[in-house]
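A closer look at the structure
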Amino acid sequence: MEYSTARLSDIINWVQKNRRDRFTDFLSMKDQKILLKLIAKHDDIDCRFDGGFKEAERKIACIYPSFLPIYDGEHFNVIKGIRINGDLIKLSHRDVLGSLLGLGIKREKIGDIIKRQEICDVIVHNDIADYVLMTLKKIGREKVIVSSIGLDEVIEPTIEYEDIKTTVASIRLDSIIASGFKISRTKASEMIKAGLTEVNWETNMSPSFEVKEEDIMSLRGYGRIKLQEVLGTSRKGRVYVHILKYK
């Protein structure tokens, strides 16, 4: 479940009225961008994010009156780390998430899931940490052992990419999407117009949108890519690009 703009606005209004800090649950990257835009409209309100480790994608926000220098350099005390041990080699990130949701836990109470072969670290809200420790016994058919860990013990993920170096007709969104996901430009354009593409976690329905270096694009059902570099132009006017496709 994603936070709605109205829900985030309500929290900001509550903080303004009560002059106290307030935490959200875990926010997606898209929700974080929405919150920052809302915060920018208020001179007296600020926020800070924490996902349990530096490169976390899903993060809790602390929204607070700007006169309060809150939680600088500290992890929020509402975030806990949990380690799952077992024969997890054949299991996916989706299997782990599915088992957690199967316990009746809401998605917004779960942060990043970092899976290794036989270890999986999960960042969770303090509200559900003890419940997970007591009730999570299996993932799929595999028995698991669950324990609490400090956030400094979390094994941060290694992000792996497929390097794609190719030429495109232009750096329009439809052209980059087509090359990055190896689909036709016509299909890419249709999917973009259908609202299936995000650029930097915001829905973009314009095939002609000009992509910039470092922009991250996702296509529903296909994954995520990043335009790492624009390397130059060929004599025939095609553009050399370096795209990273997330594995």
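Overview of the structure.

Criteria and cut-off values
- Residues numbered from 1 in each chain as written.
- Predicted model: local features only at pLDDT ≥ 70, side-chain atom pairs only at ≥ 80, totals over all residues.
- Heavy atoms only, no water.
- 1 Å grid on protein atoms, 1.4 Å probe; cavity = no way out; pocket = protein on both sides within 12 Å on 5 of 7 lines; lining within 4 Å.
- Points joined across faces, edges and corners; volume = space filled by probe spheres on them.
- Helix = DSSP H or I, 4+ residues; strand = E, 2+ residues; numbered from the N terminus.
- Nonpolar A, V, L, I, M, F, W, Y, C, P; charged D, E, K, R; others polar.
- Buried < 20%, exposed > 50% of the residue type's maximum accessible area, 1.4 Å probe, protein only.
- Contact = heavy atoms within 4.5 Å.
- Pairing = 2+ DSSP bridges.
- Axes fitted to C-alpha atoms, helices over the stretch in contact; angles between N-to-C directions.
- Salt bridge = Lys/Arg side-chain N within 4 Å of Asp/Glu carboxyl O.
- Phe/Tyr/Trp six-rings, centres within 6.5 Å; stacked < 30°, edge-to-face > 60°.
- Lys NZ or Arg CZ within 6 Å of the ring centre and 35° of its normal.
- Core = buried A, V, L, I, M, F, W, Y, C linked by side-chain atoms within 4.5 Å.

Digging into the layout of surface pockets
Counted as a void, the largest pocket has a volume near 1900 Å³. As for the largest pocket, its lining consists of 45 residues, and the residues nearest its centre are Glu 57, His 93, Trp 201, Arg 224 and Tyr 246. No other element matches the 5 residues that strand E5 (residues 110–115) contributes to the lining of the largest pocket. Residues belonging to the lining of the largest pocket are distributed by class as follows: 16 nonpolar, 10 polar and 19 charged.

Topic: the environment of Ser 99
Tracing the backbone shows Ser 99 in helix H3 (residues 93–101). Of the residues examined, Ser 99 reaches a relative accessible area of 15% and is grouped as buried. Separated by 37 residues in sequence, Ser 99 and Leu 136 have C-alpha atoms that sit 7.8 Å apart. Sequence-distant contacts of Ser 99, defined by excluding residues within four places in its chain, comprise Leu 136, Lys 138, Ile 139 and Gly 140.

Some points on the sheet that holds E5
In spatial order, the strands read E5-E6-E4-E8-E7; together these 5 strands make up an open sheet with antiparallel pairing. The sheet terminates laterally at E5 and strand E7 (138–139), the two strands that pair on one side only. Here H3 sits on the sheet and contacts strand E4 (79–86), E5, strand E6 (119–125) and E7; the angle it forms with E5, its principal contact strand, is near 140 degrees. The sheet strands contacting helix H4 (residues 126–135) are E4, E5, E6 and strand E8 (142–149), and the helix crosses E6 at an angle near 140 degrees.

Concerning the pattern of salt bridges
In this structure the tally under the stated criterion is 13 salt bridges. When the shortest N-O distance is used, the salt bridge between Arg 83 and Asp 121 registers 2.7 Å. One end of the pair, Arg 83, is in strand E4; the other, Asp 121, is in strand E6, with 38 residues separating them in the sequence. Owing to a relative accessible area of 15%, Arg 83 belongs among the buried residues under this scheme. The partner of Asp 127 in a salt bridge is Lys 109, and the shortest N-O contact between them spans 2.8 Å. A residue pair is termed long-range when its members are at least 10 positions apart, and Asp 127 in helix H4 and Lys 109 in the loop between H3 and E5 qualify at 18 residues. Among the residues examined, Lys 109 registers a relative accessible area of 16% and is labelled buried. Here the salt bridges do not stand alone but share partners, grouping Asp 25, Lys 109 and Asp 127 into one network.

Observations regarding the packing of aromatic side chains
Two aromatic rings are characterised by how far apart their centres lie and by the angle between their planes. Enumeration according to the criterion identifies 3 aromatic pairs in this entry. Here the aromatic rings of Tyr 161 and Tyr 246 are separated by 5.0 Å at their centres, their planes lie at 70 degrees, and the arrangement is edge-to-face. Here Tyr 246 lies in strand E14 (residues 239–246) and Tyr 161 lies in strand E9 (residues 161–168), a separation of 85 residues in the sequence. Among the residues examined, Tyr 161 registers a relative accessible area of 30% and is labelled partly exposed. Ring centres 6.0 Å apart and planes at 65 degrees place the aromatic pair Phe 181 and Tyr 222 in the edge-to-face group. With Phe 181 in helix H5 (residues 173–181) and Tyr 222 in the loop between strand E12 (216–219) and strand E13 (223–233), the pair connects residues that are 41 residues apart, well separated along the chain. On the basis of relative accessible area, Tyr 222 is assigned to the partly exposed category, the value being 33%. When the ring centre of Trp 14 is taken as origin, the NZ or CZ atom of Arg 22, which lies over that ring, is 5.2 Å away. A cation over an aromatic ring shows up here: Arg 224 above the ring of Tyr 246, its NZ or CZ 5.4 Å from the ring centre.

Describing the nonpolar core
Judged by nonpolar contacts, the single largest core of 21 residues is most densely connected at Ile 176, Ile 177, Met 217 and Val 241. Mapped onto this core, the elements with two or more residues apiece are E9, H5, helix H6 (185–193), E12, E13 and E14. Considering each element in turn, this core owes the most residues, 5 residues, to H5. In this structure, Ile 177 is in contact with Lys 182, Ile 183, Ala 188, Ile 192, Thr 197, Met 217, Leu 219 and Ile 225, ignoring residues within four places of it in sequence.

Overview of the pairing of strand E2 (residues 45–50)
Most of E2 sits out of view: 5 of its 6 residues are buried. In this structure, E2 lies alongside strand E3 (residues 59–65), joined through 6 bridges in antiparallel fashion. What sits directly across from Cys 47, in E3, is Ile 63.

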